[in-house]
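Structural description and commentary
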2 protein chains.
Amino acid sequence: MNTQPPDPREKKRRSGGRNGHAASLGRTTEKRAPFIVRKIGCFEILSDEGLSLIEHNADLLLQQTGMEFHDDAEILQIFQDAGCDVEGTRVRFEPGFCRKTIQATAPSEFTQHARNPENSVRMGGRNTVLCPSWGPPFVHDLDQGRHYATHDDFTRLVKLHHTIPYLHHSGGVVCEPVDLPANKRHLDMLYAHIRWSDRAFMGAFIGAERAGHALDMARIVFGKEFVANNPVLYCVSNTNAPLVMDANMSGALKTYARAGQPVACTPWVLAGAMSPCTVAGTLTQVLAEALASLCLVQLINPGAPCLMGSFASTLSMQNGAPTFGTPEAGQMVLAAGQLARRLGVPLHTVGTLSASKLPDGQSQQEATWGLMMSMFAGANVINHATGWLEGGLVTSFEKTMLDADLCGKVARFFDGIDLSENAQAMAAIAATGPGAHFLGSEHTQENFRTALFRPDTPDNNSYEQWVADGELDAATRANTLWKQRLEGYQDPGLDPAIDEALQTYIAKRKAEKPDVNYY
Amino acid sequence: MNTQPPDPREKKRRSGGRNGHAASLGRTTEKRAPFIVRKIGCFEILSDEGLSLIEHNADLLLQQTGMEFHDDAEILQIFQDAGCDVEGTRVRFEPGFCRKTIQATAPSEFTQHARNPENSVRMGGRNTVLCPSWGPPFVHDLDQGRHYATHDDFTRLVKLHHTIPYLHHSGGVVCEPVDLPANKRHLDMLYAHIRWSDRAFMGAFIGAERAGHALDMARIVFGKEFVANNPVLYCVSNTNAPLVMDANMSGALKTYARAGQPVACTPWVLAGAMSPCTVAGTLTQVLAEALASLCLVQLINPGAPCLMGSFASTLSMQNGAPTFGTPEAGQMVLAAGQLARRLGVPLHTVGTLSASKLPDGQSQQEATWGLMMSMFAGANVINHATGWLEGGLVTSFEKTMLDADLCGKVARFFDGIDLSENAQAMAAIAATGPGAHFLGSEHTQENFRTALFRPDTPDNNSYEQWVADGELDAATRANTLWKQRLEGYQDPGLDPAIDEALQTYIAKRKAEKPDVNYY
């Protein structure tokens, strides 16, 4: 264990040894990149005319219906001071007001710093940051099946994610450790991210108090002055669609915005329940809610980093169940990407979602659809890029490995087509000539190590070899792979003084209140 | 059974009853469309500059290295007569010659007629036609596992495909019925397509004799005059990459081209073996081979319908095995779409390919990746859109159902975002208001039947319901679904006079020669 970690603010290049080692497990040959820089464009599903229509409708909605902010008088005052029409908890906005307020001060790009500067992530522009699963109260693996998540599961997931070169962020609630008190477990989760990974991580989202604890802990790790001047946390603020924000969310939003920490203002809707069952109607509502929330961030702290979020999926119109990887969800995220670019803020969205109970054909059809659509949408931050099952109730260890391959694939794909002289291979084609093969050609020998992406989970062998290997399906192979990765996990180390200060801080916070297990 | 089928040349609208019934099996609510008309654009992965580079390199390759045409003196003569440089079996082309020849006469769009005019398919432009798996000598289902395909499997697959509303074409060798003599089974396969489906189907591709039989049978079904003036068959002509076409392929190509039947000139390459291990090099070779083949079609019969084909995937650089659903395969098909559009001919390519041995997480990750990329590429005909497993050695009954859902999803997705007043749902959002839900709203009641696509294979129920239902994975559910579909199959009927004429023709052809089981 490295007991002398570098100053996190130090910019010089460290040895990539640890991540390099993690990447060499399995068959992965990719060099780890701290985030994806997309070299090819985004897919434009709506015309400018269509986008203007959605924007116009969102403005009408904010003017005529407005949005409600519950149990937070301070926020109502902020809007009133800014000249908005406040009536009870309802706030109405003049057309264009939110957009103008956001565009005046919100940055289009910013960096969230990691304690290892090599792992700092750039959000906005052509950059995409992939984060693991967020929120599930259950975990699933093939050995134990589905069970309530524990702090041990949480720690193992943080470590597993840390070994995956295609994830860029340690995330937040990678699962809910339900064996810890509900009102204190955020402290243990934050500590686990800081202690067992040196990548960027998320703050606590629910309520101002927990957000404050995350900031305190970040100050211990990064230093007060650095935190005052740089993003080091990340907050997802969901609305209660349709058109409501409650005090749990507004409390955290205010705390992070005031501290200059990024807030992803993310309406979460299932079309048909929390928004109309049509794509155009849902987009209008999503944009309206995002505009009001982003405007609030900029009124609180002009210039604070923020992202337009969109977590829009669909509902089964047969049984009311949430559905994922659907055509309509794909259409919505592509349009959301265009709307965010026109607004001038980065897009936060979601990845490999599935309603499946298992890491099977359903889960990977839905997951692949979802992640590809979010990438084609030009998303800048993709939450739930790995592991999400059962509509977000489960983080699956095996699906984490299957999805990780997909994360690697999209990274390679969005690196674009190499048009260098070497890649053109004109001499190689001429030298090989008609009817011969390229397996032994000099060009192949020179390029084979890096020419083609190598995922870990597929079995591409012959049928006979596959039978000899035990006729395993992809999930069963993934079961072996995540264990191998966990075995190969290497502790990134943490300065003992920082570690001790964190533990002292956590002990003090925990001692202040009795445990509460339901809230 | 309908014993009075309509004249296939009759254009008036028939009752959609049969396909409608098939579509009502399972939970499918989609109205069957004869093909996809894409209302949104294609993804452009290469800039004009990049495309010009590939085109320039392909021209250089055709000029300096050229292409070989084996065991077919007639083709060499055709090229010589056209002014090409013929040296032995090697043909070299002046830069621009192939492109100019193709662009002078090749149609950009055409219709392949089905015996039921409602099922005729339009190829080119914004249209996409999805075809089932082609070529596997094995079939797989969860009851029997993997086994050599028989004529019974072939017939069941034709019937199953006929019930799937999201497939548009009956295909060709949906599996190889290896219990029939190798030199005669094409007759039985063609008969099965004609007898058990009334959709468009493919001809026999291997050699001039079999191609001639397909034409003879088409003339029995459609009438000689109709066949002389309209596409009713479809031929895929693969090169033997790199840069060779053999007599089996050129024989069929000549036969179909002369008869004015569509030929998809489709270089089949696995990058690293049959082309360079780089995307740019592979694209150059694919374009060169396609240009020479398409040029040949137009020299044989100016104006004959033809498609630029691209079946380009990758090789594992670890064990030499074919790999599918890879980042590089996605890049290649997107660029191929752009190259075909610049050439002015429709694009033929491939769909849900996978190297997996099972309908599992691997197969659906690879399948989803592949079909989505081909759709974003603007492909006009997608072969192997369902069922393909194990690198093309297997057609899977269960994967056919999983892939069919994906075919439905892409159809709905590419229908684009509805921006009608109803879809904007402004009144519905205002009437529902903040904090309420849309489940019971009038707008939802009016739209829920058609608003959201309903696939058949996913389980979106609660965990508890899923447990009560037997904890089935997607493949196991698909096992039940394909049997339900087959049970619900309805015979489209065939005029007994045509049927008898076909059977007489087939008996005569079979009697002419002894059976041959290996060739």
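Residues numbered from 1 in each chain as written. Chains lettered and ligands numbered in written order. Predicted model: local features only at pLDDT ≥ 70, side-chain atom pairs only at ≥ 80, totals over all residues. Heavy atoms only, no water.

Note the cut-off: UniProt positions are given in the numbering used here, feature names are shortened, and annotations may be inferred rather than shown by experiment.
Per an unreviewed UniProt entry, chain A carries the name Methyltransferase and comes from Pseudohalocynthiibacter aestuariivivens. Under Sequence similarities (unreviewed entry), UniProt gives the following word-for-word description of chain A: "Belongs to the trimethylamine methyltransferase family."

1. Here's the deal with the pattern of salt bridges
Residues and elements named next belong to chain A. Quick reminder of the rule: The rule for a salt bridge is simple: a side-chain nitrogen of Lys or Arg has to be within 4 Å of a carboxyl oxygen of Asp or Glu. By the criteria applied, helices consist of DSSP H or I runs no shorter than four residues and strands consist of E runs no shorter than two, each listed in order from the N terminus. With a 1.4 Å probe rolled over the protein chains alone, any residue whose accessible area is under 20% of its type maximum counts as buried; one over 50% counts as exposed, and the rest are partly exposed.
Under the criterion given, the structure shown has 54 salt bridges over all chains. A salt bridge links Glu-68 to Arg-90; the shortest N-O distance between them is 2.9 Å. Note that Glu-68 is positioned in strand E2 (residues 67-69) and Arg-90 in strand E4 (residues 90-92), a separation of 22 residues in sequence. Given the relative accessible area of 19%, Arg-90 is considered buried. Residues joined by salt bridges that share partners form a network here, namely Asp-48, Glu-55, Arg-99 and Arg-342.

2. Things to note about the sheet that holds strand E11 (residues 244-245) of chain A
Residues and elements named next belong to chain A. Let me state the cut-off plainly: Any two strands with at least two DSSP bridges between them are considered paired.
In spatial order, the strands read E3-E4-E2-E11; together these four strands make up an open sheet with mixed pairing. Looking at strand neighbours, the two that pair on one side only are strand E3 (85-87) and E11, the edges of this open sheet. For E2 and E11, the ladder comprises two bridges, and the chain directions are parallel. Across the sheet, Phe-69 pairs through a bridge with Met-245, a residue of E11.

3. Considerations on the relation of the copies chain A and chain B
Copy one and copy two of the chain differ by a rotation about a common axis and a shift along it. Quick note on the threshold: Least-squares superposition aligns the copies on the C-alpha atoms of those residues with pLDDT at or above 70 in both. Residue contacts are counted whenever heavy atoms from the two residues lie within 4.5 Å of one another.
In screw terms, the move from chain A to chain B is a rotation of 180° and a rise of 0.0 Å along the axis, fitting with an RMSD of 0.0 Å. Such values leave the two copies arranged in the relation of a two-fold axis. No C-alpha of chain A approaches the rotation axis more nearly than that of Gly-361 of chain A, which lies at 2.2 Å. In this assembly, 100% of the residues forming the interface of chain A have copies in chain B that are likewise at the interface, indicating an isologous arrangement.

4. Brief notes about the environment of Glu-366 of chain B
Residues and elements named next belong to chain B. With respect to the element layout, Glu-366 can be found in helix H12 (residues 361-376). Of the residues examined, Glu-366 reaches a relative accessible area of 3% and is grouped as buried. A C-alpha to C-alpha distance of 4.1 Å links Glu-366 and Gly-325, two positions 41 residues apart in sequence.

5. Quick notes on the interface of chain A and chain B
Note the threshold: In this description, buried area is defined as the sum, over both parts, of the accessible area (probe of 1.4 Å) that is lost when the two are combined. Whenever a nitrogen or oxygen atom comes within 3.5 Å of another N or O atom, the pair is scored as a polar contact, on the condition that within protein one atom can donate a hydrogen and the other can accept it, and that pairs from neighbouring residues in sequence are kept only if both atoms are in side chains.
Facing 109 residues of chain A, the contacting portion of chain B comprises 109 residues. Taken together, the two surfaces of chain A and chain B that pack against each other cover about 9200 Å², and 69% of this comes from carbon and sulfur. Scanning the region where chain A abuts chain B turns up four salt bridges. For Asp-459 of chain B, the salt bridge identified is with Lys-357 of chain A, shortest N-O distance 3.2 Å. Along the contact surface separating chain A from chain B lie 36 residue pairs in polar contact (both at pLDDT 80 or more). Counting residues per element, the side of chain A that touches chain B draws most heavily on helix H12 (residues 361-376) of chain A, at ten residues.

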